Amino acid sequence: MGMLGQQHAEAFLVKKGLRILARNYRAKTGEIDLIAQAGTYFVFIEVKSRASLRYGQPREAVTQTKQGKIIRTAQQYITYRRLGECDMRFDVIEVLFLRDNIHIKHIENAFWA
């Protein structure tokens, strides 16, 4: 379900005009599902997919611990790419597969560094 959700999230972002820079970026500090560019912003995106709401909203799975790993990994990406001072934000995309329907919710600036 995770990869399918990520594919839907990516298509959604591209339709919104974001340019995808990386998928499943990994470093010692963690992983970022999608990295995109929106204007001058580098956008680090966590995608959460679910087939039901039995365990709560997908965004609730992006805990403070997970946020910390994403932030450290984003900082590593910026350093590795030699981007210096740049605008960045952290988004969460929820993908719900409910009764043959796909619901996507894009939460911009879901958390801050």
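Below, the structure is looked at part by part. The structure displayed is predicted, hence computed values, not measured ones. (Residues numbered from 1 in each chain as written. Predicted model: local features only at pLDDT ≥ 70, side-chain atom pairs only at ≥ 80, totals over all residues. Heavy atoms only, no water.)

## Some words on the overall build of the chain
Consideration 1: Within the chain, the secondary structure is distributed over 2 helices and 5 strands.
Consideration 2: Walking the chain from its N terminus toward its C terminus, one meets helices and strands in the order α-β-β-β-α-β-β.
Consideration 3: With respect to the principal axes defined by its C-alpha atoms, the chain has extents near 45 × 30 × 20 Å.
Consideration 4: Expressed as a percentage of its 113 residues, the buried residues of the chain come to 41%. (Helix = DSSP H or I, 4+ residues; strand = E, 2+ residues; numbered from the N terminus. Buried < 20%, exposed > 50% of the residue type's maximum accessible area, 1.4 Å probe, protein only.)

## Describing the packing of aromatic side chains
Consideration 1: By the definition in use, this model includes 4 aromatic pairs.
Consideration 2: Pairing Tyr25 with Tyr77 gives two aromatic rings, centres 5.0 Å apart and planes at 90°, and the pair type is edge-to-face. Of this pair, Tyr25 sits in strand 1 (residues 19-27) while Tyr77 sits in helix 2 (residues 64-80); the two residues are 52 residues apart in sequence, bridging distant segments of the chain. In this structure, Tyr25 and Tyr77 share a single accessibility class: buried.
Consideration 3: One aromatic cluster in this structure is built from Tyr25, Phe44, Tyr77, Phe90 and Phe111. (Phe/Tyr/Trp six-rings, centres within 6.5 Å; stacked < 30°, edge-to-face > 60°.)

## Observations regarding helix 1 (residues 2-15)
Consideration 1: Look at helix 1: 20 Å from first C-alpha to last across 14 residues, which is about the 20 Å you get at 1.5 Å a residue.
Consideration 2: Three or more residues of helix 1 are buried, namely Gly5, Gln6, Ala9, Glu10 and Leu13. Buried residues of helix 1, viewed axially, fall in a sector of 140°; they line one side. Those residues of helix 1 that are exposed and aimed more than 90 degrees away from the buried face are Gln7 and Lys15.
Consideration 3: Phi turns positive one or two residues past the end of helix 1, at Gly17, with a value near 100°. (Expected span 1.5 Å × (residues − 1). Arc of directions from axis to C-beta.)

## Section: the pairing of strand 5 (residues 101-111)
Consideration 1: Summarising the sheet, strand 4 (residues 87-98) and strand 5 pair through 8 bridges and their orientation is antiparallel. If you follow Phe90 over to strand 5, its bridge partner there is Phe111.
Consideration 2: Here strand 4 folds back onto strand 5, and the loop between the two strands holds 2 residues, one of which, Arg99, carries a positive phi near 45°. (Pairing = 2+ DSSP bridges.)

## Considerations on the nonpolar core
Across soluble globular proteins, nonpolar side chains have a tendency to be buried as a group.
Consideration 1: Grouped together as the largest cluster of nonpolar side chains are 15 residues, with contacts concentrated most on Ile32, Ile35, Phe44, Phe90 and Phe111.
Consideration 2: Those elements giving two or more residues to this core turn out to be strand 1, strand 2 (30-38), strand 3 (41-50), helix 2 and strand 4.
Consideration 3: If one sorts the elements of this core by residue count, helix 2 sits on top with 5 residues.
Consideration 4: In this structure Phe111 touches Val62, Gln67, Ile70, Ile71, Phe90 and Val92, once residues within four positions along its chain are discounted. (Core = buried A, V, L, I, M, F, W, Y, C linked by side-chain atoms within 4.5 Å. Contact = heavy atoms within 4.5 Å.)

## Describing the sheet that holds strand 3
Consideration 1: Strand order in the open sheet formed by 5 strands is 1-2-3-4-5, with mixed pairing between adjacent strands. Pairing within the sheet leaves two strands with one partner each, and these edge strands are strand 1 and strand 5. Each strand of the sheet is rotated relative to its neighbour by a mean of 30°, with strand direction disregarded.
Consideration 2: Relative to strand 3, strand 2 is paired through 5 bridges, and the arrangement is antiparallel. Looking at the pairing, Gln37 lines up with Phe42 of strand 3.
Consideration 3: Its contacts with the sheet put helix 1 on strand 1, strand 2, strand 3, strand 4 and strand 5, and the angle it makes with strand 4 is roughly 125°.
Consideration 4: Those strands touched by helix 2 are strand 1, strand 2, strand 3, strand 4 and strand 5, and its axis lies near 60° from that of strand 2. (Axes fitted to C-alpha atoms, helices over the stretch in contact; angles between N-to-C directions.)

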